[in-house]
Amino acid sequence: MSIRVYMDHGAGRPVDPRVLEAMKPYFTEHVGNPASFHSEGFKALEALKEARSSVAELINADPSEIVFTSGATESNNLALLGGALRNRKKGSKVVRSAVEHISVINICKELSRMGFEVAECPVDEAGVLDLKELEKHVDDDTVLVTVMAANGEIGTLQPIREAAELAHSRGTLFHTDATAAAGQVPLDVKELGVDLMTLSSNDVYGPKGVGALYVKKGVRVKPHMIGGGQENGIRSGTENVPGIVGMGEAARLAKAEMEAESTRLAALRDRLIEGVLAANPESYLNGHPTERLPNNANIRFSYIEGEALILSLDDLGIQLSTGSACAAKTLEPSHTLLACGLKHEEAHGSLVFTLGKNNNRNQVEYVIQELPGVVERLRAMSPLTPEELR
Amino acid sequence: MEPDKVLDCTGLYCPEPIFRTRMALDEMEKGQVLEVSADDPVAEADLRRLAERMGYEVLGVTRDGDEVTLHIKK
């Protein structure tokens, strides 16, 4: 049997088989519309209610504060466009961190077209938000601040509680994209003090095409899907019942198993980082050394391009990323690594390992063992490689 | 200047303009000229960098409001 070591969970995850089982009856058996006034409708409504409670519990929210969407991108749209437009009376400025996901960055461009001023708050070399800079950017005209809970590419965790507090001191709404953080680190919306939080189903081993937005009671956002008034009138459209049931079950399992799984993954991550850095000269860890997601290792190899590494490793059955999907598609360096102060050529030679449920110690050892051969071969071909490394 | 190919990337955000420009250039012959329009605020800088990295020449840039048009010679 051929070897397959999938370490690209940040890009896509398998659905947990238990989640799939929970979803199945809602495709063929319980097919009612939650709005229907009969027993099949009630059954669907009950399933929605249960899923909403499970998602709420994952982040210590009230079920009434959960709005189901089609995924993290939609949740980000609803939070940023909806939040900024609905509260425009307060001001016309939006502040985001320099290392946000492409969906947040592009939504901010759209906001600037609509007349909002968008400010970008820098990060330090480990990718951590500069709170002093944030304080300078957030003023009385600022309607919304958005900072991701954890960066999916370099794994760095952000000081969300402090950033939210700062935003609130100016009467500004605070949104966090918790797509990468959810299910990996504890998230408590009350303790963090956030107003809006983006969640994705697939990132907690639920189906793709489902997500949620936490909208704190009393916070108003402008609906962007107009229709029959589902999801508190914020997101119309007949609910994706099987998908939502899947996200609910995935959130329930994440809550129950997070502590043990994150501990296991952090140990694998640490072994991977230590092993790869030791076996490859001129390799460096990107992101924060300790304040990082338990499943994330982002390692830079001098003198070679990440894309070449990816292709060679794929031949060995190892699947990884170079960075964001944006960077992968265009072969441009990652904006996150550039924001951390890396030069273009440095940012090009980085690999992102995102571990998951199906990864084990043997797979980590296999990667540690195979990587040096690939790195050496590519360096031998690179005109940038100095003589002593050839 | 009469371009050999015209690409409209207006309304598209990163990474689409760069991605589509790259694909269009890949399909063209050396010496041919691509005209690409985009209105993402960072498109001009991104497209200039793409051309430079691939060794192609930016013959000219015109601007009309938010929209920028580049002529790139492969």
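Cut-offs and rules
- Residues numbered from 1 in each chain as written.
- Chains lettered and ligands numbered in written order.
- Predicted model: local features only at pLDDT ≥ 70, side-chain atom pairs only at ≥ 80, totals over all residues.
- Heavy atoms only, no water.
- Helix = DSSP H or I, 4+ residues; strand = E, 2+ residues; numbered from the N terminus.
- Polar contact = N/O pair within 3.5 Å; in protein donor to acceptor, adjacent residues only side chain to side chain.
- Domains from an automatic or database assignment.
- Contact = heavy atoms within 4.5 Å.
- Buried area = accessible area lost by both parts, 1.4 Å probe.
- Salt bridge = Lys/Arg side-chain N within 4 Å of Asp/Glu carboxyl O.
- Nonpolar A, V, L, I, M, F, W, Y, C, P; charged D, E, K, R; others polar.

## Regarding the side chain of Ser334 of chain A
Thinking step 1. By secondary structure assignment, the location of Ser334 of chain A is in the loop between α11 (325-330) and α12 (335-339).
Thinking step 2. Of the polar contacts made by the side chain of Ser334 of chain A, one reaches the side chain of Glu153 of chain A; its length is 2.5 Å.

## Observations regarding the domain arrangement of chain A
Residues and elements named next belong to chain A.
Thinking step 1. For chain A, the assigned domains read domain 1 (5-12 + 258-389) and domain 2 (17-254).
Thinking step 2. At the junction of the two partners, domain 1 supplies 28 residues and domain 2 supplies 32 residues.
Thinking step 3. Roughly 2200 Å² is buried in total at the junction of domain 1 and domain 2, and carbon and sulfur atoms are behind 58% of that figure.
Thinking step 4. Between the two partners, domain 1 and domain 2, sit zero salt bridges.
Thinking step 5. Our count for the contact surface shared by domain 1 and domain 2 stands at 15 residue pairs in polar contact (both at pLDDT 80 or more).
Thinking step 6. Counting residues per element, the side of domain 1 that touches domain 2 draws most heavily on α12, which supplies four residues.
Thinking step 7. For the side of domain 1 that touches domain 2, a count of residues per class yields eight nonpolar, 17 polar and three charged.

## Remarks on the interface of chain A and chain B
Thinking step 1. Chain A puts eleven residues into the contact, and the matching count from chain B is 15 residues.
Thinking step 2. Of the roughly 1300 Å² buried at the junction of chain A and chain B (both faces included), carbon and sulfur atoms supply 54%.
Thinking step 3. Along the contact surface separating chain A from chain B lie two salt bridges.
Thinking step 4. With a shortest N-O distance of 3.2 Å, Asp39 of chain B and Arg113 of chain A are connected by a salt bridge.
Thinking step 5. Counting the contacts that link chain A with chain B gives five residue pairs in polar contact (both at pLDDT 80 or more).
Thinking step 6. For the side of chain A that touches chain B, the secondary structure elements donating two or more residues are α5 (102-113) and α11 of chain A.
Thinking step 7. Ranked by the residues each element gives to the side of chain A that touches chain B, the list is headed by α5 of chain A, at five residues.
Thinking step 8. Considered class by class, the residues forming the side of chain A that touches chain B number three nonpolar, three polar and five charged.

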